[in-house]
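# Chains, contacts and geometry: an overview
This is what each chain is made of:
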Amino acid sequence: MRIVVGQQGQVDFRNEFVVRFNYGATVPWVNRLDDGGISAIAGPERVVLRTPATLYGEDLKTVGEFAIEAGQSIPFVLSYGPSFQNPPPEIDAFDALERTQAFWREWSDRCPEVGPWTEAVKRSLITLKGLTFAPTGGMVAAPTTSLPELIGGVRNWDYRYCWLRDATFTLLALMYLGYYDEARAWRDWLTRAVAGSPEQVQIVYGIGGERWLPELTVPWLAGYEKSSPVRIGNAAYDQLQLDVLGEVADALFQAGKVGIGLTERGRALRPLILEYLARVWRDPDEGIWEVRGGPQHFVHSKVMAWVAFDRAAQGFAVEGSTEAARHWRAVADEIHAEVCERGFDPDLDSFVQTFGSKRLDASLLLIPLVGFLPPTDPRVKGTLRAIEEKLLVGGEFVLRYEPENPGDGLPAGEGAFLVCSFWLVDNYILQGRYAEAQRLFDRLLSRRNDVGLLAEEFDPFAGRMLGNFPQAYSHVGLINCALNLSRKACPAEERAETGSPVPVEAGQI
């Protein structure tokens, strides 16, 4: 819905309505309805445009001219529905605007104060809510596909799906701000999506939990600023990424700490995931960045496997299942020892991307955030220094991994993944480097666009956003950083907490 409002004087407008279905391939049949609306049909789909402005057909388009004066308002309402049913009913745009504003203001006003960043947090919360499919609770990573990570490049992916990897940080962001209904809906979507055999747990699903997401290219579309191919679907759904199992375990554990306990489905799922992960955690996988250069022993994947067993040991201990707690603690300790032995390079004084490599990776910033090692550990401090030296651009943007010879099966070249910079802020906070944390966080906030939105990546040199937009993970990172900076009890410390959990009430600072 769009409303053109005349505020002063008179302005002449020309409007064009150009609709194509099937990703731009199909020209629809267009006719005028009895109520004056313009109906466009192709196969099973229909859209209807209604407006008091005069419209007429011209060169496979619907066009019109109108003048608007001070005090006038002219609405344009585009509605969608199946072509084999009656046209969608008329909607009063002015009434819809009033109701929409009232809903979002009431919803966002529930957000507690988050220091000087309250408005930024509210805007990010609204973004996460807008990315959520209400009937299922599934939250898409972004509502777009194929916005490039490098202008003119091939790193163009379809992000209109729900990633398990976002689960824990998303839950923490919602729960710490008191949005428990949304947190429960996301948790319930999660447990439904992964239900079944743990061998078949995927890293990404459709908004309803759909599993088959074949990746296709659309050759008739040139792509954003000639960045091709344009992709539909995401082949990463078929990858092995062991870290997501740790993410699922941690999400359910963190939800339980604030009173959103395990459902019957989640309780039945837990031992199945643990037993499967106990068999496969030694295997190579494609890792957090979904590389297409073949499986490797990614340190982050092993760390997240440790997270699964660490949380299981804590959970069973709280429940009084001493034997189970002892068993899973032993597995966690075995993984911990192997990561510290094979994933740490003494020459670099840093953890590395994969066992035996010399490459750095921004996912190593998560080591203290998930509680694998305390932030005071010399190996954590050494890793932070190494990342600052090799992956930090302009003192602000953290690259996912070293850009030369990325080893991910794709041509080199991409922007800085924004959530990695938010992880750096969190690390500064845990290190007690509050002035640096706040300075970096404020710089990142300044990179938002005019309506407070962030994409997946940022080009530090061209000064522009890259990748799909708006990106849920970027906004989750923003929220958690603001909470970490403004609260004594914060998500970064709570997620890494290894002692008894302390519930946080809605709105509690």
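Further up the page is the structure itself.
A brief look at the structure comes next. (Residues numbered from 1 in each chain as written. Predicted model: local features only at pLDDT ≥ 70, side-chain atom pairs only at ≥ 80, totals over all residues. Heavy atoms only, no water.)

On to the overall build of the chain, then. A tally of helices and strands in the chain yields 14 helices and 21 strands. In terms of overall dimensions, the chain is globule-like: its C-alpha atoms have a radius of gyration of 25 Å, near the 23 Å expected for 509 residues. When the backbone C-alpha atoms are referred to their principal axes, the chain occupies close to 75 × 45 × 45 Å. Out of the 509 residues belonging to the chain, those deemed buried represent 55%. (Helix = DSSP H or I, 4+ residues; strand = E, 2+ residues; numbered from the N terminus. Rg over C-alpha atoms; globule rule 2.2 N^0.38 Å. Buried < 20%, exposed > 50% of the residue type's maximum accessible area, 1.4 Å probe, protein only.)

Put simply, helix α3 (residues 167-176) and helix α4 (residues 180-193) touch, their axes get as near as 8 Å, and they point 160° apart. When the axis of α3 is compared with that of α4, the two are roughly antiparallel. By crossing handedness, the relation of α3 to α4 is classed as left-handed. Across the interface between the two elements, A167, T170, L171, L174 and M175 of α3 pack against Y180, E182, A183, W186, R187 and L190 of α4. Among the residues forming the contact of α3 with α4, the class breakdown is eight nonpolar, one polar and two charged. (Axes fitted to C-alpha atoms, helices over the stretch in contact; angles between N-to-C directions. Parallel < 35°, antiparallel > 145°, perpendicular 65-115°, else oblique. Left-handed = near helix turned anticlockwise from the far one by under 90°. Contact = heavy atoms within 4.5 Å. Nonpolar A, V, L, I, M, F, W, Y, C, P; charged D, E, K, R; others polar.)

It is worth spelling out the pairing of strand β3 (residues 29-32) at this point. When β3 meets strand β4 (residues 38-42), the two strands line up antiparallel, connected through four bridges. Looking at β4, one finds that V30 is bridged to A40. Taking the residues that link successive antiparallel strands as the turn, the β3-β4 hairpin has five residues, and the phi of G36 there is positive, at about 95°. (Pairing = 2+ DSSP bridges.)

What follows concerns the packing of helix α2 (residues 118-130) against helix α13 (residues 472-486). At a minimum axis separation of 9 Å, α2 and α13 run at an interaxial angle of 145°. Crossing hand, α2 versus α13: left-handed. Counting all contacts with α2, which are made through A120, V121, S124, L125, T127 and L128, the residues of α13 involved are A472, H475, V476, L478, I479 and A482.

It is worth spelling out the sheet that holds strand β8 (residues 73-82) at this point. Overall, antiparallel pairing links the five strands, which are arranged β1-β8-β5-β4-β3 in an open sheet. In this open sheet, the two strands that pair with only one neighbour each are β1 (2-5) and β3. Taken pair by pair, the neighbouring strands of this sheet meet at an average axis angle of 15°, ignoring direction. Packed onto the sheet, helix α1 (residues 93-108) meets β1 and β8 and runs at close to 85° relative to β8.

Read across the sheet, three strands follow the order β2-β7-β6 without closing on themselves; strand pairing throughout is antiparallel. Looking at which strands have only one partner, the edges of the open sheet turn out to be β2 (10-17) and β6 (56-58). Going from strand to strand, the sheet's axes swing by 35° on average, the running direction of each strand aside. Where β2 lies against strand β7 (residues 61-69), eight bridges are found, and the strand directions are antiparallel.

As a further point, take helix α11 (residues 418-430). Every α-helix carries 3.6 residues per turn, so stepping three or four residues along brings you back to the same face. Between its terminal C-alpha atoms α11 stretches 19 Å, which fits the 18 Å expected from 13 residues at 1.5 Å a residue. Within α11, 13 of the 13 residues are buried, which leaves the element mostly enclosed by the surrounding structure. Following α11 by one or two positions, G432 has its phi on the positive side, about 80°. (Expected span 1.5 Å × (residues − 1).)

This paragraph deals with the nonpolar core. Counting 131 residues, the largest nonpolar core has W423 and F441 as the members making the most contacts within it. Excluding residues that lie within four positions of it along the chain, W423 makes contacts with F169, I288, W289, A362, S363, L365, L366, L369 and Y473. Counting residues in each nonpolar core, the second largest holds 15 residues, with A42, V47, A53 and L55 among its members. (Core = buried A, V, L, I, M, F, W, Y, C linked by side-chain atoms within 4.5 Å.)

Okay, the pattern of salt bridges next. For the structure shown, the criterion picks out 29 salt bridges. Among the salt bridges present, the one from E58 reaches R14, with a minimum N-O distance of 3.0 Å. Placement of the pair is E58 in strand β6 and R14 in strand β2, with a sequence separation of 44 residues. Its relative accessible area of 30% is what places E58 among the partly exposed residues. A salt bridge links R160 to D158, with the nearest nitrogen and oxygen atoms 2.7 Å apart. (Salt bridge = Lys/Arg side-chain N within 4 Å of Asp/Glu carboxyl O.)

With that settled, consider the packing of aromatic side chains. Taken as a whole and judged by the stated rule, the model has 17 aromatic pairs. An angle of 80° between the planes, with centres 5.9 Å apart, marks the rings of W104 and W107 as edge-to-face. Taken together, the residues span about one helical turn, with W104 and W107 both in helix α1 at a distance of three residues. Members of the aromatic cluster, joined through ring pairs, are F103, W104, W107 and Y179. (Phe/Tyr/Trp six-rings, centres within 6.5 Å; stacked < 30°, edge-to-face > 60°.)

Tracing the chain through its elements places R20 in the loop between β2 and β3. Spatially, the C-alpha atom of R20 lies 9.0 Å from that of A40, the residues being 20 residues apart in sequence. Look past the residues within four positions of R20 in its chain and what remains in contact with it is T26, V27, P28 and L60. At 3.2 Å, the side chain of R20 and the backbone oxygen of L60 are in polar contact. (Polar contact = N/O pair within 3.5 Å; in protein donor to acceptor, adjacent residues only side chain to side chain.)

Let us now look at the side chain of S227. As for its placement among the helices and strands, S227 is situated in the loop between β13 (216-217) and β14 (231-232). On the basis of relative accessibility, which here comes to 0%, the residue S227 falls in the buried class. Within the structure, the side chain of S227 is placed 2.8 Å from the backbone oxygen of Y224, a separation counted as a polar contact. When near neighbours in sequence (up to four residues on either side) are disregarded, S227 contacts P148, L150, I151, G152, G153, N156 and A222.

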